[in-house]
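Close look at the chain arrangement
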Amino acid sequence: MTVKLIKQMIDACRLGKRACDMMPPLPKDVLPSYIHVLDTVHTLEAAGGPVRVSDISDALGLPRPGVTRTVKEMEAKGYLTKSASPDDGRVTYITATEAGRQLWDKYDTQYFSELLPALQDIPEEDAACMIRTIETLYQVLAEGRNNVGKQ
């Protein structure tokens with residue numbers, strides 16, 4: 001690894017952010033985090049079980065209080081519903097409403113399906129390597145940001 005290569009990695013991350021900024025605009029009252037939560041709810045439901053806030057939190061690697069706040073906002077806007085478990089009233093399950101499923105379908109399923117043909121030539125191994133590299137870079141920067149440059 002060289003300093004030049006690290007700079008190129010950071011530049012590639014900047015391009016990645018610009019690419020994310022080119023995604024279709026969301027409706028006025030919708031945050032990108034809503035799409036992530038809806039996608040996670042969909043994925044967890046498809047895996048065959050009821051979904052709790054803790055499941056969403058674990059899947060996204062986010063603190064529970066933030067996920068709880070987002071779920072509450074999404075419920076107020078009609079994208080999610082909460083219901084008590086029939087077996088244990090202390091447990092609350094999260095389900096996407098029809099409006100939530102439509103939002104997820106439009107901004108997740110349709111958009112990424114449209115991208116698929118254009119990105120078909122990228123080998124899955126290359127994509128997996130890119131994901132691991134960006135995740136590692138993020139972890140290094142997140143863990144060391146208080147120490148980097150203070151020598």
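Below or above, wherever it landed, is the structure these notes cover. (Residues numbered from 1 in each chain as written. Predicted model: local features only at pLDDT ≥ 70, side-chain atom pairs only at ≥ 80, totals over all residues. Heavy atoms only, no water.)

Points about the nonpolar core
If you look at the biggest cluster of nonpolar residues, it comprises 19 residues, and the most contacted ones within it are I56 and L80. Of all the elements in the fold, those that place two or more residues in this core are α2 (32-46), α3 (53-60), α4 (64-76), β2 (92-96) and α5 (98-119). No other element matches the five residues that α2 contributes to this core. Those residues within four positions of L80 in sequence are excluded, and the remaining contacts are V37, L38, V41, V71, M74, E75, I94, T95, A96 and T97. (Core = buried A, V, L, I, M, F, W, Y, C linked by side-chain atoms within 4.5 Å. Buried < 20%, exposed > 50% of the residue type's maximum accessible area, 1.4 Å probe, protein only. Helix = DSSP H or I, 4+ residues; strand = E, 2+ residues; numbered from the N terminus. Contact = heavy atoms within 4.5 Å.)

Details of the pattern of salt bridges
In total, this model carries six salt bridges according to the counting rule given. A salt bridge links D21 to K17; the nearest nitrogen and oxygen atoms lie 3.2 Å apart. Of this pair, D21 and K17 both sit in helix α1 (residues 3-21), four residues apart, roughly one helical turn. The residues D21 and K17 share a single accessibility class, namely exposed. With a closest N to O distance of 2.8 Å, R52 and D55 form a salt bridge. (Salt bridge = Lys/Arg side-chain N within 4 Å of Asp/Glu carboxyl O.)

Some points on a nonpolar patch on the surface
Residues M1, L5 and I6 make up a contiguous nonpolar surface patch of about 320 Å² in total accessible area. Examined against the element boundaries, I6 turns out to sit in helix α1. (Patch = residues over 30% accessible without salt bridge, like charges linked within 9 Å, V, L, I, M, F, W, Y side chains within 5 Å. Areas by Shrake-Rupley, 256 points an atom, 1.4 Å probe, with all protein chains shown as cover.)

Re α3
Within the span of α3, buried status applies to V53, S54, D55, I56 and S57. Positive backbone phi, at 65°, marks G61, one or two positions downstream of α3.

Quick word on the packing of α2 against α5
The geometry of α2 relative to α5 is characterised by a closest axis approach of 9 Å and an angle of 105° between their N-to-C directions. Comparing the axis directions of α2 and α5 gives the class roughly perpendicular. Between α2, through I35, L38, D39 and H42, and α5, the contact on the second element is made entirely by G100, L103, W104, Y107 and D108. Taken together, the residues of the contact of α2 with α5 break down into five nonpolar, two polar and two charged. (Axes fitted to C-alpha atoms, helices over the stretch in contact; angles between N-to-C directions. Parallel < 35°, antiparallel > 145°, perpendicular 65-115°, else oblique. Nonpolar A, V, L, I, M, F, W, Y, C, P; charged D, E, K, R; others polar.)

Shape descriptors only; they carry no functional weight alone.
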